[in-house]
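Read off the chains here:
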Amino acid sequence: MSQDIQVAGSSCAVFRRTLERVGQRWSGAVLFAAVGGARRFSEYRRTVEGISDRMLALRLKELERDGFIVREVIPSTPVQVLYRPTPAGVELIAALQPLAEWGHKHLAEPPENA
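Residues numbered from 1 in each chain as written. Predicted model: local features only at pLDDT ≥ 70, side-chain atom pairs only at ≥ 80, totals over all residues. Heavy atoms only, no water.

The final tally for this structure, using the stated rule, is five salt bridges. Among the ionic pairs, aspartate 66 bridges to arginine 65, the shortest N-O distance being 3.1 Å. Owing to a relative accessible area of 16%, aspartate 66 belongs among the buried residues under this scheme. Overall, arginine 65 belongs to the exposed group, its relative accessible area being 61%. (Salt bridge = Lys/Arg side-chain N within 4 Å of Asp/Glu carboxyl O. Buried < 20%, exposed > 50% of the residue type's maximum accessible area, 1.4 Å probe, protein only.)

Here is the structure:
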């Protein structure tokens, strides 16, 4: 029995750390914008409506630091910078998809009694 509690406690801690990484404002939206593959900064800005350039740059850096996004510099004129999901990022997006679907089903419209 105590082994079950340890496993549950450990799972809870891992779940909490996961949510702390992706639960910050705009992080999930930026991750979902990465679904299409490599994108330029301006494409993320158009896809994630309402995010400021400063916040987008910050979230991309954090997602890169956490190993969910890769920043690729293409030496051309002008220099191009692409951001794409890593394999871990693709897995995380797939894991978050059911949560997004639940939100569309239950949170898309305000409750009738509100």
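Attention now moves to the sheet that holds strand S2 (residues 69-74). Strand order in the open sheet formed by three strands is S1-S3-S2, with antiparallel pairing between adjacent strands. In this open sheet, the two edge strands, each paired with only one partner strand, are strand S1 (39-40) and S2. Relative to strand S3 (residues 80-85), S2 runs antiparallel, the two sharing six bridges. Looking at S3, one finds that arginine 71 is bridged to tyrosine 83. (Pairing = 2+ DSSP bridges. Helix = DSSP H or I, 4+ residues; strand = E, 2+ residues; numbered from the N terminus.)

With that settled, consider the packing of aromatic side chains. Scanning all chains against the criterion turns up one aromatic pair. Ring geometry for tyrosine 44 and tyrosine 83: centres 6.2 Å apart, planes at 85°, overall edge-to-face. Of this pair, tyrosine 44 sits in helix H3 (residues 41-47) while tyrosine 83 sits in strand S3, and the two are 39 residues apart along the sequence. Across this residue pair, the class does not change: tyrosine 44 and tyrosine 83 are buried. (Phe/Tyr/Trp six-rings, centres within 6.5 Å; stacked < 30°, edge-to-face > 60°.)

For the rest of this paragraph, the subject is the nonpolar core. Grouped together as the largest cluster of nonpolar side chains are 18 residues, with contacts concentrated most on Val30, Leu31, Tyr44, Leu60 and Ile69. Those elements that place two or more of their residues in this core are helix H2 (27-33), helix H4 (53-65) and helix H5 (87-107). The residues contacting leucine 60, other than those within four sequence positions of it, are Val30, Phe41, Tyr44, Ile69 and Tyr83. (Core = buried A, V, L, I, M, F, W, Y, C linked by side-chain atoms within 4.5 Å. Contact = heavy atoms within 4.5 Å.)

Attention now moves to H5. With 21 residues, H5 extends 29 Å from end C-alpha to end C-alpha; this agrees with the ideal 30 Å at 1.5 Å per step. Where H5 bends most, the angle comes to about 30°, and this point is glutamine 97, followed within four residues by the proline proline 98. Among all positions in H5, only Gly89, Leu92, Ile93, Leu96 and Gly103 are buried. (Expected span 1.5 Å × (residues − 1). Bend = angle between axes of the 7 residues up to and from the residue.)

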